[in-house]
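# Results of the structural survey
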Amino acid sequence: MQLESISLIRYLGAMRKPVGEIASVRTPGVYRWFAAFFAFGATMCALTVGLLLFPGSALDSLWRINPDAALAFNSMGHWALILMLTVGTGCSFAAIGLWQG
């Protein structure tokens, strides 16, 4: 019981640190990898939005990687853009938040 109360006291003491000290703590490397993962997801969403907005462009050959995705997104109509913008925005915010710690 005493060990638990000491840990709680240390935890509560750490919560009272000034903002500058909390910001100076280094973010673990795992967060950086997750941030990179979400940044990649946001980039792919932006690429998909570009491909959907400008059909027949020079990048249209990228649909050959996954032609079923092209059919699925085109059949969704404008909802595909809304979906990809929502997912891309979420990925962007997640990447920024994780990168900043």
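To start, this report covers the structure provided alongside it. (Residues numbered from 1 in each chain as written. Predicted model: local features only at pLDDT ≥ 70, side-chain atom pairs only at ≥ 80, totals over all residues. Heavy atoms only, no water.)

Next up on the list: the packing of aromatic side chains. Counted by the stated rule, this structure contains two aromatic pairs. Relative to Phe 73, the ring of Trp 63 lies with its centre 6.2 Å away and its plane at 50°, an arrangement referred to as tilted. Linking Trp 63 in the loop between helix H3 (29-53) and helix H4 (67-76) with Phe 73 in helix H4, this pair joins segments that are 10 residues apart in sequence. For the pair Trp 63 and Phe 73, one class covers both residues: buried. Positioned over the ring face of Trp 99 is Arg 32, at 4.3 Å from the centre of the ring. (Phe/Tyr/Trp six-rings, centres within 6.5 Å; stacked < 30°, edge-to-face > 60°. Helix = DSSP H or I, 4+ residues; strand = E, 2+ residues; numbered from the N terminus. Buried < 20%, exposed > 50% of the residue type's maximum accessible area, 1.4 Å probe, protein only. Lys NZ or Arg CZ within 6 Å of the ring centre and 35° of its normal.)

On to the layout of surface pockets. There is about 150 Å³ of room inside the largest pocket. Considering the residues around the largest pocket, the lining is formed by Met 44, Leu 47, Thr 48, Leu 51, Leu 62, Trp 63, Ile 65 and Asn 66. For the lining of the largest pocket, the residue count by class is six nonpolar, two polar and no charged. (1 Å grid on protein atoms, 1.4 Å probe; cavity = no way out; pocket = protein on both sides within 12 Å on 5 of 7 lines; lining within 4 Å. Points joined across faces, edges and corners; volume = space filled by probe spheres on them. Nonpolar A, V, L, I, M, F, W, Y, C, P; charged D, E, K, R; others polar.)

Counting residues in hydrophobic clusters, the biggest one holds 11 residues: Cys 45, Val 49, Leu 51, Leu 52, Trp 63, Ala 69, Ala 70, Phe 73, Ala 80, Leu 81 and Met 84. Breaking this core down by element, the ones donating at least two residues are H3, H4 and helix H5 (78-100). With four residues, H3 is the single largest residue contributor to this core. Leave out the neighbours within four places in its chain, and Trp 63 touches Thr 48, Leu 51, Leu 52, Ala 69, Ala 70 and Phe 73. (Core = buried A, V, L, I, M, F, W, Y, C linked by side-chain atoms within 4.5 Å. Contact = heavy atoms within 4.5 Å.)

What H4 keeps buried is the set Ala 69, Ala 70 and Phe 73. Projected down its long axis, H4 shows its buried positions confined to an angular sector of 100°, all on one face. Of the residues in H4, the exposed ones pointing more than 90 degrees away from the buried face are Asp 68, Leu 71 and Ser 75. Summarising the contacts, the buried residues of H4 are in contact with H3 and H5. One or two positions beyond H4, positive phi appears at Gly 77, with a value near 70°. (Arc of directions from axis to C-beta.)

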